[in-house]
Every structure is written in structure tokens, then in C-alpha cells.
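Residues per chain, in single letters:
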Amino acid sequence: MDFNFGDEHRLICEEARKFAERRLAPVVQELDERQEVNLDALRELGSLGFLGMTVPEELGGTNLGASAYVGVMIELSKVDAGTSVGVSVQNSLVNDTIVKWGTDEQKATYLPKLATGELFGCFSLTEGNAGSDPGSLKATAVQDGDSFILNGTKNFTTNGGFADVIIAFFQTDPERGAKGVSAFLVPSSTPGFRVGRHENKLGIRTSSTTEMVFENCRVPASALLGQLNKGLNVALTTLDGGRVGIAAQAVGIAEGALDEAVKYAKERVQFGQKLADLQAIQFMLADMATEVEVAKTMLYRVAWLKDTHQKHTRESAMIKLFASEMAHRVCHKALQIHGGYGFMKEFRVERLYRDQRITEIYEGTSEIQRVVIARSVLAD
Ligand SMILES: Cc1cc2nc3c(=O)[nH]c(=O)nc-3n(C[C@H](O)[C@H](O)[C@H](O)COP(=O)(O)OP(=O)(O)OC[C@H]3O[C@@H](n4cnc5c(N)ncnc54)[C@H](O)[C@@H]3O)c2cc1C
């Protein structure tokens, strides 16, 4: 692969960087305190084309591809990982899924509006008793003539509080467990649907995470996304792409923490010298910069596999695992370099440290990534 991405890639990343500095940085601290979504910024990202990066141009998208998507995610995540996960969900979990599995009618109805931020989407798989094990879903979709009736509660849905359309997973043949799951596209205006509890979180507090409650919610049979009882396949292929987005989020958070640590080490004086002059601090910075570089290099390789339509299940699990655990180590060191000040909310590193933690959990925990990788290694 060619690491010379060219001017277009540089300009896209530059635009995302400027947007993050102009629209996210001035308010992120306050919104984090209040646990509020920056919905205006998300809409503006839509008008800039950053919500339609995986959507073909004829369906209203910018079709910039996975490498550009990764670059944008890194820039946004450096500043506000709560907003960046909203971008990731819209591009990877919603639009990508409709592009891959939607009927022509579903694509024409939703994609032009999702790509521009006129509509927002979310992806509701997790339930109280079905997290790492999505085959044990309990929510049901029962066919009734030309409709399905949806019942059940989904947990922890990102973008749930403001989504206009929900990609949700239900048992259509409960006897068959994982082989009886189907995916549906449900407008949030459908009678019988309501948003449940809004979660109070440790990190990514500028994102919305909610329960999604379906009570005798009737949708037409045309709401089925992909084939009946093949929903788990829809979910798992979606997560291959989603994990690339979360890995980019982790790289962005780590890069942001490294920048903060470098800045602080050059300013803070103890024992008559700058922290940056102490070898103990220099070695930490060297390790942090090396780890970020390694993760970024592999991240772009996985994006290239996706852009060139090659299978990347194993590689996306690897980069999600490595980048998220790398970000953990880097944020830990960045906070340590700040000493007691890093523990205070006035310093950006405090939020980055909290925001990083989720990257090891959602779209498959680190343990689940190891299961996916080990299965692939052992099958070779
Ligand atoms: C902020 C946030 C946003 C989220 N957004 C979404 C979203 O938009 N849509 C959505 O559907 N879900 C979302 N999730 C859910 C997320 O994907 C799950 O929380 C995650 O997959 C883990 O599931 P669980 O929480 O039920 O943990 P569990 O599955 O109960 O796991 C608990 C522990 O056991 C380990 N474990 C479980 N099974 C195994 C195994 N076979 N081998 C080894 N270890 C194992 C796990 O790694 C973990 O350490 C979100 C979660 C959070 C916190």
C-alpha cells in the first residue's frame, strides 16, 4: 500500500482539525460536565459531508472511503471523543449497513438524509442479557400479515436519544437462537417506540447512550434489513467496519493525550528544570509516541484493506484491540506526566483519560477481539 495519501486526504484531515478546534474545543469541557450532545456540531459535520463518507455520491454521500474516514475520526477524537463516536455510528454502523444490506427503496429513503445529517441513525443490538453474546437476544419480532410487531428493550444505544431511525435486532425465530435473529429499520416516530433511560457515564459524556423500548411497535415487512433470520450476519459484518472507526477514535484520543503531555512537560518546572529535560519523562514520551505511530500505521493498513474490498475481520479486531489498549497506556502516562494537575477537570488530559476507557469495551470488548483473532489464527 501507498502511504502517500495525496492532497485530497491532507485537505480533508485539515478541515476536520479546523472544525474540531473551532466548533468542539471551545465547548467540550462544559458539555462534558453537563453530559450534553453537541447536536449542532453533528449537523454541521453532516453539511460538510463527514456523515456520508461511506455513502456513494449518487445516494447523496461523499464516498471519501475508509482512509479519509479514519483521518477525520482521529482529528475529531483528539478534541471530543463523544462527538466523534456519533460520527462513527452514523458512518459505520448505520450508513455502511444500509449500503451493504438495504433494498433500493431503503437506500433511497434513508441514505441521502443520513449522509447530510438531516436524519440521524443508531444501531441497537445490545440487551440487558445479551452484550458480548448477541445470539441470546430476547427482544422479539413477530410476523402479523404484512407487518412485524416488535417488543423488547435494548440497552446502551449510542445516538439513541436523538436518532430518527434505528437499526435494531430482534428474534424472529427464538427457538433457533443466533440463527433466528433479524435486523429491522425502525423510524423512531413509530407508535410503540420510546427512548428509555439516558445513561450517566464515566466518559464520552458528549455522546447520547440510551435504552430503546419497543412495546407492540408495528413496522411493515419492508422494514426488514437483509434476509429473515440472517440478522447476526448483518451485525457482525457491520462491526468489522465499526471497529476500524473505534480504533481511529482510540488513536485520536491517544494522540490528543500525547500532545497535552508534551506541552505540559515543556512548561512545568520542578527541581529547577523542565519536566521535558528529565530522562524519566522523555522515555515515557518516547514510548507513547512510538505506540501511537505503530497503531496509526496498522490502522491505515486496515482502512486500505477496507477501501480495496478485501476481507478484514481479523485485522479490524487486531487494530481495535491494539489501538484501544495502546490508548489506555498512553493516557495513563499522559496523566502521570501532569502529576496532580492531571487529576483535575481543568486539564484536558483528565477527560481524555476517561474517554479512552470505552474504546476497550464497545463494539466488542478486548476479550471478544481476542476470541475473534484466536479463532482466525487457529483456523489458518
Ligand atoms: C457507552 C456505551 C455505548 C454503547 N453503544 C452501543 C451501541 O450503539 N449499540 C449497541 O448495540 N451496543 C452498544 N454498547 C454495548 C457494548 O457493545 C457492550 O457493552 C459490550 O459489547 C459488552 O457487553 P456487556 O456490557 O453486556 O458485557 P458482558 O458481555 O457481560 O461482558 C462482561 C465481561 O465478560 C467478558 N466476556 C464476555 N464473554 C466472554 C467470552 N466469551 N470470553 C472472554 N471474556 C468474555 C467481557 O469481555 C467483559 O469483560 C455500548 C456500551 C457502552 C458502555
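Scroll up to find the structure this text is about.
What you are looking at is a predicted structure, and each value in this text was computed from that prediction instead of being measured.

> Describe the layout of surface pockets, with residues and values.
Computed from the structure, the largest pocket encloses a volume of approximately 1,300 Å³. Contributing to the lining of the largest pocket are 50 residues, with L239, I361, Y362, E363 and G364 lying nearest its centre. At the level of secondary structure, the elements contributing two or more residues to the lining of the largest pocket comprise α4 (81–101), β1 (121–124), β3 (147–158), α6 (231–267), α8 (313–337) and α10 (366–379). Here the lining of the largest pocket gets 8 residues from one element, more than from any other, and that element is α6. Residues that form the lining of the largest pocket fall into these classes: 19 nonpolar, 18 polar and 13 charged. Reported here for the second largest pocket is a volume of approximately 620 Å³. Lining the second largest pocket are 23 residues, with D96, K100, K306, H309 and H312 positioned closest to its centre. Taken together, the elements giving at least two residues each to the lining of the second largest pocket come down to α3 (66–79), α4, α6 and α7 (279–307). Looking at which element gives the most residues to the lining of the second largest pocket, the answer is α4, with 6 residues.

> Any chance you could break down the site of the ligand for me, citing the residues and the numbers?
The environment of the ligand is made up of 19 residues, and the closest members are T126, S132, F156, T365 and E367. The separation between a nitrogen atom of the ligand and a polar main-chain atom of F123 is 2.7 Å. Separating a nitrogen atom of the ligand from a backbone N or O atom of F156 is a distance of 2.8 Å. Taking 970 Å² as the accessible area of the ligand by itself, protein coverage stands at 63%. At a threshold of 2 Å from the grid points, most atoms of the ligand map onto the largest pocket. Examining the composition of the shell around the ligand, we find that 3 residues originate from one element, β3, more than from any other. Residue composition of the shell around the ligand, grouped by class: 8 nonpolar, 8 polar and 3 charged.

> For the environment of F120, give the residues involved together with the corresponding values.
For F120, the position within the fold is in the loop between α5 (104–116) and β1. Of the residues examined, F120 reaches a relative accessible area of 4% and is grouped as buried. Residues F120 and G52 lie 68 residues apart in sequence; the distance between their C-alpha atoms is 11 Å. Ignoring any residue separated from it by four or fewer positions in sequence, one finds F120 in contact with L39, L42, R43, L51, Q90, L114, F162, A163, D164 and V165.

> So, the nonpolar core: which residues are in play, and what are the values?
F169 and L299 are the most contacted members of the largest nonpolar core, which has 86 residues in total. The dominant element in this core, judged by the number of residues it contributes, is α6, at 17 residues. Every residue in contact with L299, bar those within four places of it in the chain, is listed here: V70, I74, V244, A247, A248, V251 and I319. Counting 18 residues, the second-largest nonpolar core is a separate cluster that includes I166, A168, F184 and M212.

> Provide a residue-level description of the packing of α6 against α7, including the pertinent values.
At a minimum axis distance of 10 Å, the contact between α6 and α7 shows a crossing angle of 155°. Judged by the inter-axis angle, α6 sits roughly antiparallel to α7. The way α6 lies across α7 gives a crossing that is left-handed. Side by side, α6 and α7 meet where G241, V244, A247, A248, V251, A254, E255, L258, A261, V262 and A265 of the first sit next to I281, L285, M288, A289, V292, A295, K296, L299, V302 and K306 of the second. A class-by-class count of the residues in the contact of α6 with α7 yields 17 nonpolar, 1 polar and 3 charged.

> An account of the pattern of salt bridges is requested, with residue identities and associated values reported.
In the structure shown here, the tally under the stated rule is 28 salt bridges. Residue E30 is joined to R34 by a salt bridge in which the shortest nitrogen-to-oxygen separation is 2.5 Å. A residue pair is termed a helical-turn pair when its members lie 3 or 4 positions apart in one helix, as E30 and R34 do in helix α1 (residues 6–34) at 4 residues. For E30, a relative accessible area of 47% translates into the label partly exposed. For R34, a relative accessible area of 43% corresponds to the partly exposed category. One salt bridge in this structure joins R348 and E260, with 3.4 Å as the shortest N-O distance. Here R348 is found in helix α9 (residues 348–356), whereas its partner E260 is found in helix α6, with 88 residues between them in sequence. Three or more residues are tied together by salt bridges with common partners; here these are E14, R17, E75, K78, E255 and K296.

Cut-offs used in this document
Residues numbered from 1 in each chain as written. Predicted model: local features only at pLDDT ≥ 70, side-chain atom pairs only at ≥ 80, totals over all residues. Heavy atoms only, no water. 1 Å grid on protein atoms, 1.4 Å probe; cavity = no way out; pocket = protein on both sides within 12 Å on 5 of 7 lines; lining within 4 Å. Points joined across faces, edges and corners; volume = space filled by probe spheres on them. Helix = DSSP H or I, 4+ residues; strand = E, 2+ residues; numbered from the N terminus. Nonpolar A, V, L, I, M, F, W, Y, C, P; charged D, E, K, R; others polar. Near = heavy atom within 4 Å. Polar contact = N/O pair within 3.5 Å; in protein donor to acceptor, adjacent residues only side chain to side chain. Areas by Shrake-Rupley, 256 points an atom, 1.4 Å probe, with all protein chains shown as cover. Sits in = over half its atoms within 2 Å of the grid points. Buried < 20%, exposed > 50% of the residue type's maximum accessible area, 1.4 Å probe, protein only. Contact = heavy atoms within 4.5 Å. Core = buried A, V, L, I, M, F, W, Y, C linked by side-chain atoms within 4.5 Å. Axes fitted to C-alpha atoms, helices over the stretch in contact; angles between N-to-C directions. Parallel < 35°, antiparallel > 145°, perpendicular 65-115°, else oblique. Left-handed = near helix turned anticlockwise from the far one by under 90°. Salt bridge = Lys/Arg side-chain N within 4 Å of Asp/Glu carboxyl O.

The analysis is restricted to geometry; functional conclusions fall outside its scope.
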